[in-house]
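Listed here are the chains, written in short residue letters.
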Amino acid sequence: MEFLHAQNDKSKPVDALRLNWFYRQKDMGKPKGNDTRHVWATMHSDISPLTALRGKCTIKHRAEIPSLHEYKKTPDSFWFEKLYDRYIQKNYDLIPTGKIVNVPEKVKKVLDECWKFVIVEQGRGKELTSAVKLCKRCIGYCASNDSVDCAVCKQTYHMNCVRPPLLKKPSRGFAWSCAACSRAQERKLEARHTPSHTDPHGDAEEDEVYDDDDEEMQGADTGRISPANDDSHPHATEEQIHQASLWPWRYLGIHCKPEDALDFDDRIYPRASTRIGPRHQAAR
């Protein structure tokens, strides 16, 4: 909510309000829900005259409410945990920025200073709230779009840090394993099919196998994509900071990178995949 002065002159009295809208289920064309206190956040605002103000209410995110049952006993109190985009017509999860940890340090600082919540696609918040992922080779921050996880040891690598570099992420349904785990698996298979004259059991566990070039790659410049320290974004202007303050949340889903939060010119609204390309074009 923002108070607006007459003719945008701060020396004149306030005569209007900018109000952010919250929707009920019926406002989204869905069947009426059982909980009339449950609302959906939006990125829709209107300017209304001060005379239209009838009262005020309390709206909190579910994570800010210790006991929902006790909270509902308070008059004119509502709660939300999702955001509805009326243009894309999709629901998004709203995650408190305090729970966001798997982002670069500078991004985390900007999120904490400027926004209370982050907008992500439903079910995609686990990646941002899990422990920070660092590359096993260069110890740099790993973004999901340019890194892979080993299916065996669960370590994370930049796609440019593995040798040979990966040109694209494995297809859905396929797993990837690092060089050390792949060699260890090959040795186990060889030992299983090769009779041993020294070990009567033949199935004894082998010593842990390490990647030969792990040590020499520690801290090396591998040409990775995910920046550990990104100084390319200019400082925000007062107008940009003011525009960001109008909304307590910004988009940080699958169609942007965490580092986009450092750019105040970046759109904070939810976005969908592009419609450019042969897949979405009519055949001639």
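These figures come from a predicted structure and were not determined experimentally.

Engineer: Which parts of the structure should I look at to understand the packing of aromatic side chains?
Structural biologist: Given two aromatic rings, their pairing is described by the distance between the two centres and the angle made by the two planes. Per the stated rule, a full pass over the model turns up 9 aromatic pairs. Note on F22 and F80: the rings are 5.3 Å apart at their centroids and 55° apart in plane angle, and the pair reads as tilted. Of the two residues, F22 sits in strand β2 (residues 14-23) while F80 sits in strand β5 (residues 77-80), which places them 58 residues apart along the sequence. Classification of F22 as partly exposed rests on a relative accessible area of 24%. By relative accessible area, F80 is classed as buried at 4%. Where F80 meets W249, the ring centres are 5.8 Å apart and the plane angle is 70°; that geometry is what we call edge-to-face. Of this pair, F80 sits in strand β5 while W249 sits in strand β11 (residues 249-251), placing them 169 residues apart in sequence. Accessibility assignment for this pair places F80 and W249 in one class, buried. In this structure an aromatic cluster arises from ring pairing among F22, F80, F117 and W249. When the ring centre of W115 is taken as reference, the NZ or CZ atom of R250 above it lies at 5.5 Å.

Engineer: Before we go on, may I ask you to explain the side chain of E121 in this structure?
Structural biologist: Residue placement: E121 occurs in strand β8 (residues 117-121). The buried charged residue E121 lacks any salt bridge, with K90 as its nearest oppositely charged partner at 5.1 Å. In this structure E121 touches K90, Y92, D93, Y251, G253, I254, H255 and R271, once residues within four positions along its chain are discounted.

Engineer: Sorry if this is basic, but what is going on with the environment of S182 here?
Structural biologist: Along the chain, S182 falls in helix α4 (residues 179-193). On the basis of relative accessible area, S182 is assigned to the partly exposed category, the value being 24%. Here the alpha-carbon distance between S182 and V152, two residues 30 residues apart in the chain, equals 8.8 Å. Polar contacts involving the side chain of S182 include one to the side chain of S177, which spans 2.8 Å.

Engineer: Quick question: what am I supposed to make of the pattern of salt bridges here?
Structural biologist: Opposite charge on two side chains permits them to pair, given that their charged atoms come into close proximity. For the coordinates displayed, the defined rule picks out 8 salt bridges. Between D266 and R250 there is a salt bridge, and its shortest N-O distance comes to 2.8 Å. Of this pair, D266 sits in the segment after β11 while R250 sits in strand β11, and the two are 16 residues apart along the sequence. Residue D266 is classed as buried on the basis of its relative accessible area of 16%.

Quick notes on the rules
Per chain, the residues get numbers from 1 upward, laid out in the order the sequence is written. Predicted model: local features are reported for residues with pLDDT of at least 70 only, side-chain atom pairs are reported and counted for 80 or more only, and whole-chain, interface and lining totals are derived from all residues. With hydrogens and water excluded, all non-hydrogen atoms of the structure serve as input to the side-chain values. Each Phe, Tyr or Trp ring (for Trp, its six-membered ring) is paired with any other whose centre lies within 6.5 Å, and the angle between the two planes then decides the class: stacked below 30 degrees, edge-to-face above 60, tilted in between. Helix and strand labels come from DSSP, where a helix needs a run of H or I of at least four residues and a strand needs a run of E of at least two; each type is numbered from the N terminus. Throughout, exposure labels follow a simple rule: accessible area from a 1.4 Å probe, protein chains only, divided by the maximum for the residue type, with under 20% read as buried, over 50% as exposed, and the rest as partly exposed. By definition here, charges over rings are those cases where NZ of Lys or CZ of Arg is within 6 Å of the ring centre and within 35 degrees of the ring normal. Under this rule, positive means Lys or Arg and negative means Asp or Glu; His and the chain ends count for nothing. What counts as a salt bridge is simple: a side-chain nitrogen of Lys or Arg found within 4 Å of a carboxyl oxygen of Asp or Glu. Note on contacts: a residue pair qualifies if any of its non-hydrogen atoms lie within 4.5 Å across the two residues. Two N or O atoms form a polar contact when they lie within 3.5 Å of each other; inside protein one atom must be a possible hydrogen donor and the other a possible acceptor, and for residues adjacent in sequence the pair counts only when both atoms belong to side chains.

Keep in mind these numbers describe shape, not what the thing actually does.
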